[in-house]
Structure formats: structure tokens, C-alpha cells
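# Structural overview for review
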Amino acid sequence: MKRVLFAAVLGLGFAAPAFADLALATSKNCMSCHAVDRKVLGPSFKDIATKYKDDKGAVDTLATKIVKGGSGVWGPVPMPANNQVSEADAKKLAAWVLATPR
């Protein structure tokens with residue numbers, strides 16, 4: 001019984017950051033144009049993680065795009081600037097997106 005309880009608590013410990021960052025992404029309206037595993041208006045987080053998997057500066061690059069917007073990388077639809085997202089939250093979101101299982 002103790003093993004089952006320990007496994008459940010351990011599992012929640014790993015899942016909590018994922019849920020917390022999904023909540024942050026939802027609160028910052030990221031989920032209006034993106035989804036974890038499918039293209040909506042913008043690319044899926046899974047596709048973004050795959051594209052930037054070998055880029056050491058990807059967290060900073062994506063954090064800048066989150067705040068300032070961007071265009072041309074994923075097609076003709078531009079990503080609007082998100083001035084309401086702080087630099088710290090943008091980096092947290094970028095790191096979470098890059099950690100999306102591929």
C-alpha cells in the first residue's frame with residue numbers, strides 16, 4: 001500500500017509543473033491559437049519542440065517571439081505581440097513548450 005501511495009505522490013510531483021504551465025498558457029491566451037499536439041491557427045507545441053530541439057538558445061528566442069510576436073517561420077499568419085506576458089513568464093512558457101514530448 002505504501003508503494004502505491006508513494007508512486008501516486010511521485011507522479012503528481014512530475015505532473016504538477018505541466019499543469020501549472022498549461023494553466024499559464026491558458027491564462028495568457030496561448031491556447032487560442034495553439035494546442036499541444038495539433039495545429040490550430042499556429043503550430044502545435046509538439047511541432048515547435050521538434051523544430052527547436054537542438055537549438056541551445058531556443059528558450060530566449062521563443063520567449064522573445066512570445067512577447068514581441070513574429071512572422072514567416074511557420075507560414076504567412078503572423079503571431080501577434082503579447083505585451084501582457086512578462087519576460088519571466090515568457091521564458092517559463094518557452095521552456096514548457098520545448099519540453100513537450102515529441
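Residues numbered from 1 in each chain as written. Predicted model: local features only at pLDDT ≥ 70, side-chain atom pairs only at ≥ 80, totals over all residues. Heavy atoms only, no water.

As annotated in an unreviewed UniProt entry, the protein chain is Cytochrome c class I from Variovorax paradoxus.

Before going further, it helps to examine the UniProt feature "binding site: heme c" (unreviewed entry) in the protein chain. Under the present numbering, the feature "binding site: heme c" (unreviewed entry) in UniProt falls on Cys-30, His-34 and Met-79. Separation in sequence by 50 residues is not matched in space for these annotated residues, since their most distant C-alpha atoms are only 10.6 Å apart. Among the annotated residues just listed, those that line the largest pocket are Cys-30, His-34 and Met-79. With respect to the helices and strands, the residue Cys-30 is situated in the loop between helix H1 (2-27) and helix H2 (45-51). Ignoring sequence-local partners within four residues, the contact set of Cys-30 consists of Ala-25, Phe-45 and Leu-93. (UniProt positions renumbered as here; feature names shortened; annotations may be inferred. 1 Å grid on protein atoms, 1.4 Å probe; cavity = no way out; pocket = protein on both sides within 12 Å on 5 of 7 lines; lining within 4 Å. Helix = DSSP H or I, 4+ residues; strand = E, 2+ residues; numbered from the N terminus. Contact = heavy atoms within 4.5 Å.)

This part takes up the side chain of Thr-100. As for its position among the elements, Thr-100 is in the segment after helix H4 (87-98). Looking at Thr-100, the relative accessible area reads 8%, which means it is buried. The contacts of Thr-100, once residues within four sequence positions are left out, are Val-36, Phe-45, Lys-46 and Ala-49. (Buried < 20%, exposed > 50% of the residue type's maximum accessible area, 1.4 Å probe, protein only.)

The phi angle at Asn-29 is positive, at roughly 70°, despite the residue not being glycine. Here Asn-29 lies in the loop between H1 and H2.

Moving on, we come to the layout of surface pockets. Where empty space is left becomes clear once a probe the size of a water molecule has been rolled over the atoms. For the largest pocket, the calculated volume is near 640 Å³. Residue lining of the largest pocket: 34 residues in total, with His-34, Gly-42, Pro-43, Ile-48 and Met-79 positioned closest to the centre. Those elements giving two or more residues to the lining of the largest pocket turn out to be H2, helix H3 (58-68) and H4. At four residues, the largest contribution of residues to the lining of the largest pocket is made by H4. Of the residues contributing to the lining of the largest pocket, the split by class is 21 nonpolar, ten polar and three charged. (Points joined across faces, edges and corners; volume = space filled by probe spheres on them. Nonpolar A, V, L, I, M, F, W, Y, C, P; charged D, E, K, R; others polar.)

What follows is about the side chain of Asp-21. Topologically, Asp-21 is positioned in helix H1. Residue Asp-21 is classed as buried on the basis of its relative accessible area of 10%.

Okay, the nonpolar core next. Among the nonpolar cores identified, the biggest contains 17 residues, and Phe-45, Ile-48, Tyr-52, Leu-62, Ile-66 and Leu-93 are the most heavily contacted of them. Those elements giving two or more residues to this core turn out to be H1, H2, H3 and H4. Counting residues per element, this core draws most heavily on H4, at six residues. When near neighbours in sequence (up to four residues on either side) are disregarded, Phe-45 contacts Cys-30, Met-31, His-34, Ala-35, Val-36, Trp-96, Val-97 and Thr-100. (Core = buried A, V, L, I, M, F, W, Y, C linked by side-chain atoms within 4.5 Å.)

Let us now look at H3. By the burial criterion, the buried members of H3 are Ala-58, Leu-62, Ala-63 and Ile-66. On an axial view of H3, the arc spanned by its buried residues comes to 125°, and they lie on one face. Here the buried face of H3 lies against H2 and H4. Just beyond H3, the residue with positive phi is Gly-69, at close to 85°. (Arc of directions from axis to C-beta.)

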